[in-house]
Amino acid sequence: MIKSGKLAMWIGVGMLGIFVLLAWVGPAIAPYAPDHEQAVEFKKINGITEVSTAPSPPSKEHWFGTDRYGRDLLTLYLYGLKYTVFVPVVIVFLQLFLGVSLGCWAGLSGRRRPVSHQVTGGLGSIPVIIVLYFLLYRLGTNTPVPVIYLILLQGGILVVMGIGPVASAIQQRTEELKERLSFKVSLYLGASHRWLFRKHLFPFLKEDLMLLFLKSMISTLNLIGQLSVLGVFLGGTIEKVSPTGMESVSRSFETIGLIAQERGALIAGHDWLILSPLAGYLLLLSAWYLLLSAMEKKTEGKYSLYPHL
Amino acid sequence: MLPLEVNTEKISVYARMWKYLLLFFILFVSALCLAAFPLFFRVEGEVISFDWEPGMEAILQFLTGTDGHAPGSVRDLTDYSNFGEMFGYSAFTLWFAGTLVLLVGVPAGMFFSKISGWPKSVVGFLGIIPDFVLAIFLQLVVILIYRKSGILVLEVASVYDQVAWVLPMITLTLVPLVYLVQFVSGRTRQILTEDFIRTAKAKGLSRIKIYMHHVFRNLLPSIRGQLHQLNATLLGNLLIIEYWFNSPGITRFLDTRDYYYPLMAKTLICLILIYWIAYGWMRLLLWLIGKRLAHD
């Protein structure tokens with residue numbers, strides 16, 4: 001009998017596999033081009049010509065419906081999926097790689113924090129979203145730089161902002177592991193930092209890193225979502241004047257951007273503008289969550305003590 | 001030689017004061033620099049270049065006063081005359097949400113430590129959903145009820161004098177609440193494995209007495225340590241929620257589409273003030289609860 005934890009893990013892996021495939025081949029299988037705009041469509045139903053104007057609800061021709069400019073939503077979703085699937089993975093991988101390197105080096109060299117706990121604790125009070133909003137807004141709005149360069153710039157800033165907490169947590173864990181007898185014996189026998197990391201730190205950090213990777217993936221996706229709500233889209237923002245005022249739309253059609261740019265869609269009765277990309281995003285989030293849940297169950301079962309009450 | 005007696009208590013109070021002064025000074029300078037950040041970059045064609053002069057000039061003009069305005073003042077703009085009311089709206093929202101999170105989250109977390117299986121997974125999933133997705137679901141439920149019955153049970157967004165209170169408050173509170181419930185639940189499970197719990201159980205103390213006198217007392221320092229993270233999450237979410245629901249809070253002035261440096265700087269400084277008022281209140285609340293329930 002398959003245990004529920006393992007089943008959840010394999011379902012998560014399967015779902016992620018499908019998303020990776022869709023992200024890879026998306027543009028090739030998309031039904032329309034992303035710049036194909038059809039604001040007005042004429043359909044003959046039972047001999048009567050009916051007119052539908054953009055945005056139009058899901059239909060046989062447009063499975064996810066069309067947006068305000070008459071563009072097929074499924075096409076935009078498939079073109080933008082690669083940014084939602086691959087970019088956060090690269091960001092988190094770099095954060096962990098640099099964070100672990102810095103944290104282990106600091107832990108092994110015995111570096112102390114230069115500033116007191118009150119100051120660093122208080123500085124942790126600055127919400128990252130506010131800092132990122134001011135850092136990224138001007139860089140990505142109506143900037144005629146290729147999408148990939150903007151993603152490198154935005155991704156680089158997200159990586160740098162995320163290294164600190166990882167390095168801090170790894171430094172703390174390294175300092176705990178340094179107290180182990182096997183570590184001290186190895187150190188006194190003249191082992192290099194590289195040997196100590198390979199043989200005495202990494203084997204214990206492995207599971208922590210896997211959990212940290214999955215949690216960071218989810219929080220990075222959420223951060224990208226929050227930035228999109230504020231008009232800072234991954235891959236750039238197009239800001240223009242519309243009949244209802246200034247509007248911001250995503251340049252790269254990244255999934256969370258497609259959701260966040262349609263703030264008033266539910267109130268206006270254009271539910272599909274939000275719900276279609278939202279369904280895709282929640283499925284991706286569920287896949288990561290299933291993996292995280294399986295990993296947490298595995299770690300909990302292995303190391304936890306039994307409560308007395 | 002006479003022994004030199006040093007009042008170490010007084011020294012540590014002064015040291016703490018200086019550290020807090022340093023912290024507030026760093027926060028004040030960070031707010032001024034962050035608000036000026038959009039001015040530090042110039043985009044010409046495909047080239048993004050860094051130029052510190054316009055930003056530094058804006059900061060110095062704000063601090064020293066310019067064009068006859070007093071230092072730190074903001075010229076009158078549309079909506080700015082309501083700045084005080086909008087400050088009050090944001091401050092009240094953060095304070096109320098923080099109080100709700102603490103008063104509901106701590107007992108719920110202690111209760112939740114005994115739960116396992118699918119309810120735990122459901123709560124875990126709720127904790128990873130971003131706040132704006134929760135906002136979408138709540139708005140959708142209210143709108144579907146309206147479409148079926150013609151009754152608008154709650155405002156889905158703020159328009160003119162119709163202010164939405166309930167949906168923004170639920171959305172703002174839910175994510176930090178789930179985080180606190182999970183944290184308290186994990187910490188409670190950890191405390192319940194300690195030897196002093198086994199001793200208390202062996203001595204015949206009732207379950208309630210053990211939870212109040214031993215578990216809760218040991219929980220308090222951990223919760224105090226999480227307050228900054230909790231409050232920072234609340235403040236970050238406040239920015240998102242006030243934008244999504246079009247709420248009349250001061251975060252409206254952070255819209256960089258209508259960029260005006262003095263207003264940006266003043267708004268960021270006010271947000272820092274709102275943060276520390278809410279944080280101070282949550283510390284006081286924990287202290288009062290500890291005094292009442294977890295004392296010798």
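Conventions adopted
What you see as residue numbers is a count from 1 along each chain, following the sequence as written. By the order in which they are written, chains take letters starting at A while ligands take numbers starting at 1. This being a predicted model, a pLDDT of at least 70 is required before a residue's local features are given, and a value of 80 or more before pairs of side-chain atoms are given or counted; all residues contribute to the totals for chains, interfaces and linings. Derived side-chain values reflect all non-hydrogen atoms in the structure, with water molecules and hydrogen atoms excluded from consideration. What counts as an axis is a line fitted to C-alpha atoms, over the stretch in contact for a helix, and the angles between N-to-C directions run from 0 to 180 degrees. The helix count covers DSSP runs of H or I at least four residues long, the strand count covers runs of E at least two residues long, and both are numbered beginning at the N terminus. The cut-offs work like this: below 35 degrees is roughly parallel, past 145 is roughly antiparallel, 65 to 115 is roughly perpendicular, and the gaps in between are oblique. Here a crossing is called left-handed whenever its near helix is offset anticlockwise from the far helix by less than a right angle, and right-handed whenever the offset is clockwise. Polar here means any residue other than Ala, Val, Leu, Ile, Met, Phe, Trp, Tyr, Cys and Pro, which are nonpolar, and Asp, Glu, Lys and Arg, which are charged; Gly is therefore polar. In this analysis, two residues are considered to be in contact whenever any of their non-hydrogen atoms come within 4.5 Å of each other. Confidence scores here are pLDDT values: one per residue, from the predictor, ranging 0 to 100. Here a cavity denotes grid points, spaced 1 Å and computed from the protein atoms alone, that fit a 1.4 Å probe unable to get out, and a pocket denotes an open set having protein on both sides within 12 Å along at least 5 of 7 lines; residues with an atom within 4 Å of a point are the lining. Grid points are joined across faces, edges and corners, and a volume is the space filled by probe spheres set on the points. Any residue with relative accessible area above 30% and no salt bridge may belong to a patch, with like charges joined within 9 Å and the nonpolar Val, Leu, Ile, Met, Phe, Trp and Tyr side chains within 5 Å. Note on areas: these come from Shrake-Rupley sampling with a 1.4 Å probe, and a residue is covered only by the protein chains present in the view. Whenever Lys or Arg places a side-chain nitrogen within 4 Å of a carboxyl oxygen from Asp or Glu, that contact is recorded as a salt bridge. Accessible area, probed at 1.4 Å, shrinks when two parts are joined; the buried area is that loss added up over both. UniProt positions are given in the numbering used here, feature names are shortened, and annotations may be inferred rather than shown by experiment. In this scheme Phe, Tyr and Trp rings, the latter by its six-membered ring, pair at centre separations within 6.5 Å, and the angle between planes marks the pair as stacked below 30 degrees, edge-to-face above 60, and tilted otherwise. Exposure classes here rest on a 1.4 Å probe applied to the protein chains alone. A residue is buried below 20% of its type maximum, exposed above 50%, and partly exposed in between.

**Focus on the packing of helix 3 (residues 83-112) of chain B against helix 9 (residues 261-293) of chain B**
Packed helix pairs are characterised by how far apart their axes lie and by the angle those axes make with each other.
Residues and elements named next belong to chain B.
Here is step 1: Relative to each other, helix 3 and helix 9 sit at 30°, their axes nearing to 10 Å. As summarised for this structure, helix 3 and helix 9 are arranged roughly parallel, according to the angle between their axes. The chirality of how helix 3 crosses helix 9 is right-handed.
Here is step 2: Broken down by class, the residue content of the contact of helix 3 with helix 9 amounts to 18 nonpolar, four polar and one charged.

**A look at the packing of helix 7 (residues 195-202) of chain B against helix 8 (residues 207-244) of chain B**
Residue and element names in this part refer to chain B.
Here is step 1: Two elements in contact, helix 7 and helix 8, have axes whose closest approach is 11 Å; the angle formed by their N-to-C orientations is 170°. The angle between helix 7 and helix 8 falls in the class roughly antiparallel. When helix 7 is examined against helix 8, the residues Phe196, Ile197, Ala200 and Lys201 are found in contact with a partner set consisting of Ile210, His214, Val215 and Asn218.
Here is step 2: Residue composition of the contact of helix 7 with helix 8, by class: five nonpolar, two polar and one charged.

**Description of the confidence of the model for chain B**
Residues and elements named next belong to chain B.
Here is step 1: In this model, chain B carries an average pLDDT of 84, and 90% of its residues clear a pLDDT of 70 or more.
Here is step 2: Confidence over residues 1-6 falls short of pLDDT 50; this stretch has one contact with residues more than four positions distant or in other chains.
Here is step 3: At the level of chain-chain contacts, confidence expressed as ipTM amounts to 0.85, with global pTM at 0.86.

**Some details on empty space enclosed by the protein**
Residue and element names in this part refer to chain A.
Here is step 1: Applying the stated criterion across every chain, the model contains two cavities of 30 Å³ or more.
Here is step 2: The calculated volume of the largest cavity comes to roughly 50 Å³.
Here is step 3: Lining the largest cavity, in full, are Leu136, Gln154, Leu158, Ile224, Leu227, Val232, Phe233 and Leu234.
Here is step 4: Counted by class, the lining of the largest cavity contains seven nonpolar, one polar and no charged residues.
Here is step 5: If you add up the space inside the second largest cavity, you get close to 30 Å³.

**A short note on a nonpolar patch on the surface**
Residue and element names in this part refer to chain B.
Here is step 1: A grouping of Phe92, Trp95, Phe96, Leu100, Leu103, Val104, Trp165, Val166 and Ile170 is seen on the molecular surface, where their side chains present a nonpolar patch of about 740 Å² in accessible area.
Here is step 2: Of all the secondary-structure elements, those providing two or more residues to the nonpolar patch are helix 3 and helix 6 (166-191).
Here is step 3: Ranked by residues supplied to the nonpolar patch, first place goes to helix 3 with six residues.
Here is step 4: Mapped onto the secondary structure, leucine 103 falls in helix 3.

**Things to note about the interface of chain B and chain A**
Here is step 1: Taken together, the contact between chain B and chain A spans 65 residues of the former and 57 residues of the latter.
Here is step 2: Buried surface at the junction of chain B and chain A, both sides included, amounts to about 5500 Å², of which 73% is carbon and sulfur.
Here is step 3: Of all residues in chain B, Ile128, Trp244 and Arg257 of chain B bury the most surface against chain A, accounting for 12% of the area lost on that side.
Here is step 4: Connecting chain B to chain A are one salt bridge.
Here is step 5: Linking arginine 147 of chain B and aspartate 271 of chain A is a salt bridge whose minimum nitrogen-to-oxygen distance equals 2.8 Å.

**Points about the UniProt feature "transmembrane region" (unreviewed entry) in chain B**
Here is step 1: UniProt annotation of "transmembrane region" (unreviewed entry) refers to residues 20-41, 86-110, 122-145, 165-184 and 265-289 of chain B when read in the numbering used here.
Here is step 2: The distance from the first to the last C-alpha atom of residues 265-289 of chain B is 36 Å, and the span holds 100% helix and 0% strand.

**Remarks on the packing of aromatic side chains**
Here is step 1: What the rule picks out here adds up to 24 aromatic pairs over all chains.
Here is step 2: With a centroid separation of 5.9 Å and 45° between ring planes, the pair formed by phenylalanine 197 of chain A and phenylalanine 202 of chain A is classed as tilted.
Here is step 3: Of the residues examined, phenylalanine 197 of chain A reaches a relative accessible area of 27% and is grouped as partly exposed.
Here is step 4: Judged by centre distance (5.3 Å) and plane angle (75°), the rings of tryptophan 276 of chain B and tyrosine 279 of chain B are edge-to-face. With a gap of three residues between them, tryptophan 276 of chain B and tyrosine 279 of chain B both fall in helix 9, about one helical turn apart. For the pair tryptophan 276 of chain B and tyrosine 279 of chain B, one class covers both residues: buried.

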